[in-house]
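Listed below are the residues making up each chain.
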Amino acid sequence: MGKRRWLGPPPRGRTSANCRAIAAEIEGIAEGCGRDLMEIVALNARTEIAYGLGLASRLTAPREDGGGCTSFAVLPRHTGGLGLVAGQNWDWLKACMPTRVALDIELEDGLRLLTFCEAGQVGKIGFNSAGLIVCLNLLATTADSDQGLPVHVVCRLALEQTRLSETLRVVASYPRAASGNLLVARGTPDGDGEALDVEYSPRRWPRLSRRWASSSTQTTS
């Protein structure tokens with residue numbers, strides 16, 4: 001019964017209530033590919049389905065496969081004239097490799113997003129035409145539940161911003177279903193740049209490090 005509740009109203013209802021444009025996009029994906037709407041909702045809430053609802057305790061044991069995503073950012077003065085350098089790998093299930101897609105999205109205000117995700121999702125990691133970069137690492141805590149926005153929707157909202165302070169507003173102001181770590185960075189045309197790491201749960205969102213004064217930051221899930 002709990003699984004049905006998880007797959008149903010909470011992710012869809014929270015997204016519709018807080019992000020109508022993204023909710024409409026999810027409906028459009030379902031219509032365009034001829035799939036049931038709740039299948040697309042489940043794809044966008046797959047992190048919460050896989051790791052939420054009290055399953056965090058299962059993740060406390062060390063992973064034997066040594067896998068996991070690693071995010072990094074290096075500030076301009078340490079990159080030999082290359083400006084800000086940031087990125088991440090995506091180490092997850094081998095069976096999901098064929099589902100990888102890159103979405104090129106232009107918003108109504110002209111901001112352009114390039115995001116890497118799985119087919120059917122509205123976004124995840126990537127960068128936008130304002131020079132803002134969003135990287136994601138998995139976290140799981142006992143605070144995770146179904147009462148908030150799916151992490152992939154949070155990532156998409158972060159990608160729609162143009163300043164690091166605006167990505168903080170996204171994490172702070174929207175209800176969050178699952179925990180996560182966002183490494184966000186922004187490069188400028190003059191070669192300057194900044195990076196910020198935010199580790200959050202549904203209950204808290206401490207800003208771990210404001211890296212304007214440091215050389216680099218790296219996060220591994």
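Residues numbered from 1 in each chain as written. Predicted model: local features only at pLDDT ≥ 70, side-chain atom pairs only at ≥ 80, totals over all residues. Heavy atoms only, no water.

> Could you give me a rundown of the overall build of the protein, with the residues and numbers involved?
Per the secondary structure count, the protein includes 7 helices and 10 strands. When each of the 221 residues of the protein is scored for burial, the buried share is 44%. Counting contacts in the protein only where the partners sit at least 6 residues apart, residues at least 24 apart contribute 61% of the total. Split by element, the accessible area of the protein, about 11300 Å² in all, is 52% carbon and sulfur. (Helix = DSSP H or I, 4+ residues; strand = E, 2+ residues; numbered from the N terminus. Buried < 20%, exposed > 50% of the residue type's maximum accessible area, 1.4 Å probe, protein only. Contact = heavy atoms within 4.5 Å. Areas by Shrake-Rupley, 256 points an atom, 1.4 Å probe, with all protein chains shown as cover.)

> I'd love a proper account of the side chain of arginine 156, names of residues and values included.
Here arginine 156 is to be found in helix 6 (residues 151-159). Only 2.9 Å separates the side chain of arginine 156 from the backbone oxygen of valine 122, close enough to count as a polar contact. Apart from the residues within four sequence positions on either side, arginine 156 is in contact with Ile22, Glu25, Ile105, Leu107, Leu113 and Val122. (Polar contact = N/O pair within 3.5 Å; in protein donor to acceptor, adjacent residues only side chain to side chain.)

> Account for the nonpolar core, with residues named and values stated.
For soluble globular proteins, the rule of thumb is that nonpolar side chains tend to be buried together. Core analysis: the largest hydrophobic core is formed by 34 residues, its most contacted members being Cys19, Ile22, Val134, Leu149, Val153, Leu157 and Leu182. Among the elements that line this core, the one with the most residues is helix 6, at 7 residues. Those residues in contact with leucine 182 that sit more than four places away from it in its chain are Val134, Cys135, Leu136, Val154, Cys155, Ala158, Val171, Leu196, Asp197, Val198 and Tyr200. Ile133, Leu183, Ala185 and Ala195 belong to the second largest nonpolar core, which has 8 residues in total. (Core = buried A, V, L, I, M, F, W, Y, C linked by side-chain atoms within 4.5 Å.)

> Provide a residue-level description of the pattern of salt bridges, including the pertinent values.
Evaluation of the coordinates by the stated rule reveals 7 salt bridges. With a shortest N-O distance of 3.0 Å, glutamate 39 and arginine 35 are connected by a salt bridge. Among the residues examined, glutamate 39 registers a relative accessible area of 36% and is labelled partly exposed. Judged by relative accessible area, which is 48%, arginine 35 ranks as partly exposed. A salt bridge links lysine 124 to glutamate 118; the shortest N-O distance between them is 3.0 Å. The exposure class assigned to lysine 124 is buried, which follows from its relative accessible area of 3%. Through salt bridges that share partners, Glu25, Arg156 and Glu160 make up one connected network. (Salt bridge = Lys/Arg side-chain N within 4 Å of Asp/Glu carboxyl O.)

> How would you sum up the packing of helix 3 (residues 20-33) against helix 4 (residues 37-44)? Please name residues and give values.
Any two packed helices are characterised by how steeply their axes cross, that is the angle between the axes, and by the distance between the axes. At their nearest, the axes of helix 3 and helix 4 sit 8 Å apart, and the two run at 125° to each other. With respect to their mutual orientation, helix 3 and helix 4 come out oblique. Seen along the crossing, helix 3 lies across helix 4 with a hand that is right-handed. Contacts between helix 3 and helix 4 involve Ile26, Glu27, Ile29, Ala30 and Cys33 on the former and, on the latter, Leu37, Ile40, Val41 and Asn44. Of the residues that constitute the contact of helix 3 with helix 4, the class distribution is 7 nonpolar, 1 polar and 1 charged. (Axes fitted to C-alpha atoms, helices over the stretch in contact; angles between N-to-C directions. Parallel < 35°, antiparallel > 145°, perpendicular 65-115°, else oblique. Left-handed = near helix turned anticlockwise from the far one by under 90°. Nonpolar A, V, L, I, M, F, W, Y, C, P; charged D, E, K, R; others polar.)

> Kindly report on the packing of aromatic side chains, identifying the contributing residues and their values.
Enumeration over the complete set of coordinates arrives at 1 aromatic pair. For the ring pair tryptophan 90 and phenylalanine 116, a centre distance of 5.3 Å and an interplane angle of 75° mean the geometry is edge-to-face. Here tryptophan 90 is found in the loop between strand 2 (85-88) and strand 3 (100-106), whereas its partner phenylalanine 116 is found in strand 4 (residues 112-118), with 26 residues between them in sequence. Overall, the relative accessible area of 14% leaves tryptophan 90 in the buried class. Residue class for phenylalanine 116 comes out partly exposed when judged on its relative accessible area of 25%. (Phe/Tyr/Trp six-rings, centres within 6.5 Å; stacked < 30°, edge-to-face > 60°.)

> Please give an account of helix 3 that cites residues and values.
Helical geometry: 3.6 residues make up each α-helical turn, so side chains three or four residues apart lie on a common side. Under the 1.5 Å per step criterion, the end-to-end length of helix 3 is 20 Å for 14 residues, consistent within 8% with the ideal 20 Å. Immediately beyond the C-terminal end of helix 3, within one or two residues, lies glycine 34, with a positive phi of roughly 70°. (Expected span 1.5 Å × (residues − 1).)

> Give me the layout of surface pockets: which residues, what numbers.
Considered as a void within the structure, the second largest pocket measures approximately 230 Å³ in volume. Taken together, 13 residues make up the lining of the second largest pocket; nearest its centre are Ala21, Leu107, Glu108, Arg156 and Glu160. Looking at the lining of the second largest pocket, the elements with two or more residues in it are helix 3 and helix 6. Broken down by element, the lining of the second largest pocket gets its largest block of residues, 5 residues, from helix 3. Taken together, the residues of the lining of the second largest pocket sort by class into 6 nonpolar, no polar and 7 charged. (1 Å grid on protein atoms, 1.4 Å probe; cavity = no way out; pocket = protein on both sides within 12 Å on 5 of 7 lines; lining within 4 Å. Points joined across faces, edges and corners; volume = space filled by probe spheres on them.)

By themselves, these are just geometric observations and shouldn't be taken as functional.
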